[in-house]
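Geometric and topological summary
Next come the chains, spelled out residue by residue.
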Amino acid sequence: MKKMILVSFLLVSSIAWGLSDMPDFPPSPDKSMTPSVICTSPTEYRYPEHIAYCARAVDPSTKQLVFANYRARGYKLSESRDHYKIDHFFPLCAGGANDIGNLWPQHESIFTVTDDIEFVGCQKLAAARIKQKDLLELMKKAKYDNSKAPEVLKYLYSL
């Protein structure tokens with residue numbers, strides 16, 4: 001029921017925003033739909049910092065809802081999912097949650113730029129070379145502005 005209400009709200013909101021000005025896909029997570037969520041029901045704790053880890057558990061209906069919410073917001077998002085993935089804004093390996101508030105439809109042109117940041121960042125967490133809070137700030141920086149991704153990745157490699 002809550003999901004239906006949310007979809008209805010987003011649909012009405014998208015009409016008010018004006019659909020014609022929206023790009024085909026979101027260039028970054030929409031802060032109103034994907035504010036980022038940290039794992040609160042961990043299956044384990046990882047790394048020297050003991051970061052809460054939620055096992056991957058996003059069911060197909062949640063993935064469909066993420067797409068529906070972003071489409072309702074005005075993003076065209078092709079019907080084919082071939083060029084998208086449902087991305088965890090805060091990656092699971094860094095303590096992100098499977099919650100819908102941490103998920104967004106990420107186009108391949110973006111995940112090809114940001115996935116290395118997640119991988120290297122989590123390696124640095126495991127080696128205690130960076131703190132979780134600092135990595136999450138870097139993730140925000142790179143995902144909200146993809147032009148900063150190379151700078152973020154270079155920094156992570158330097159640690």
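A short tour of the structure in this document, coming up. (Residues numbered from 1 in each chain as written. Predicted model: local features only at pLDDT ≥ 70, side-chain atom pairs only at ≥ 80, totals over all residues. Heavy atoms only, no water.)

**Points about the overall build of the protein**
Of the regular secondary structure elements, the protein holds five helices and four strands. Listing every helix and strand of the protein by position from the N terminus yields α-β-β-α-β-β-α-α-α. Summarising the internal contacts of the protein: among those between residues at least 6 apart in sequence, 70% fall at separations of at least 24. Carbon and sulfur atoms make up 58% of the accessible area of the protein, which totals about 8,700 Å². (Helix = DSSP H or I, 4+ residues; strand = E, 2+ residues; numbered from the N terminus. Contact = heavy atoms within 4.5 Å. Areas by Shrake-Rupley, 256 points an atom, 1.4 Å probe, with all protein chains shown as cover.)

**Observations concerning the environment of Tyr144**
With respect to the helices and strands, Tyr144 occurs in helix H4 (residues 132-144). For the pair Tyr144 and Ser28, spaced 116 residues apart in sequence, the C-alpha separation works out to 5.1 Å. Once residues lying within four places of it in the same chain are set aside, the contact partners of Tyr144 are Ser28, Pro29, Lys31, Thr34, Pro35 and Phe89.

**Looking at unusual backbone geometry**
Here the phi dihedral of His50 falls at roughly 55 degrees; this positive angle occurs in a residue that is not glycine. Among the structural elements, His50 can be located in the loop between strand E1 (44-46) and strand E2 (51-53). A positive phi angle, close to 60 degrees, is found at Ala128, a residue other than glycine. Structurally, Ala128 is set in the loop between helix H3 (108-126) and H4. The class of Ala128 is exposed, set by a relative accessible area of 51%. (Buried < 20%, exposed > 50% of the residue type's maximum accessible area, 1.4 Å probe, protein only.)

**Overview of the state of the cysteines**
A disulfide bridge is the covalent bond that connects two cysteines by way of their sulfur atoms. Tallied over the full model, the rule gives two disulfides. Linked covalently through their sulfurs, Cys39 and Cys54 form a disulfide whose S-S length is 2.0 Å. Between Cys39 and Cys54, the S-S dihedral sits near 90 degrees, and the bridge is therefore right-handed. Of this pair, Cys39 sits in the loop between helix H1 (2-17) and E1 while Cys54 sits in the loop between E2 and helix H2 (60-72); the two residues are 15 residues apart in sequence, bridging distant segments of the chain. (Disulfide = S-S within 2.5 Å.)

**Here we look at H4**
The end-to-end C-alpha distance of H4 is 18 Å, a good match for the 18 Å that 13 residues give at a rise of 1.5 Å each. Taken as a whole, H4 has its buried residues at Gln132, Leu135, Leu136, Leu138, Met139, Ala142 and Lys143. Here the buried residues of H4 occupy an arc of 160 degrees about the axis, which is enough to place them on one side. Among the structural elements, E2, strand E3 (84-88), strand E4 (103-107), H3 and helix H5 (149-158) are those in contact with the buried residues of H4. (Expected span 1.5 Å × (residues − 1). Arc of directions from axis to C-beta.)

**Considering the pattern of salt bridges**
Taken as a whole and judged by the stated rule, the model has 10 salt bridges. With its nearest N and O atoms 2.8 Å apart, the salt bridge here joins Lys85 to Asp115. Separated by 30 residues along the polypeptide, Lys85 in strand E3 and Asp115 in helix H3 bring together distant segments of the chain. With a relative accessible area of 24%, Lys85 lands in the partly exposed category. By relative accessible area, Asp115 is classed as partly exposed at 25%. Two residues, Lys141 and Glu151, come together in a salt bridge whose shortest N-O distance is 2.6 Å. In this pair, Lys141 sits in helix H4 while Glu151 sits in helix H5, placing the two residues 10 residues apart along the sequence. Residue Lys141 is classed as partly exposed on the basis of its relative accessible area, which comes to 34%. Residues participating in the shared-partner salt-bridge network are Asp87, Glu118 and Lys143. (Salt bridge = Lys/Arg side-chain N within 4 Å of Asp/Glu carboxyl O.)

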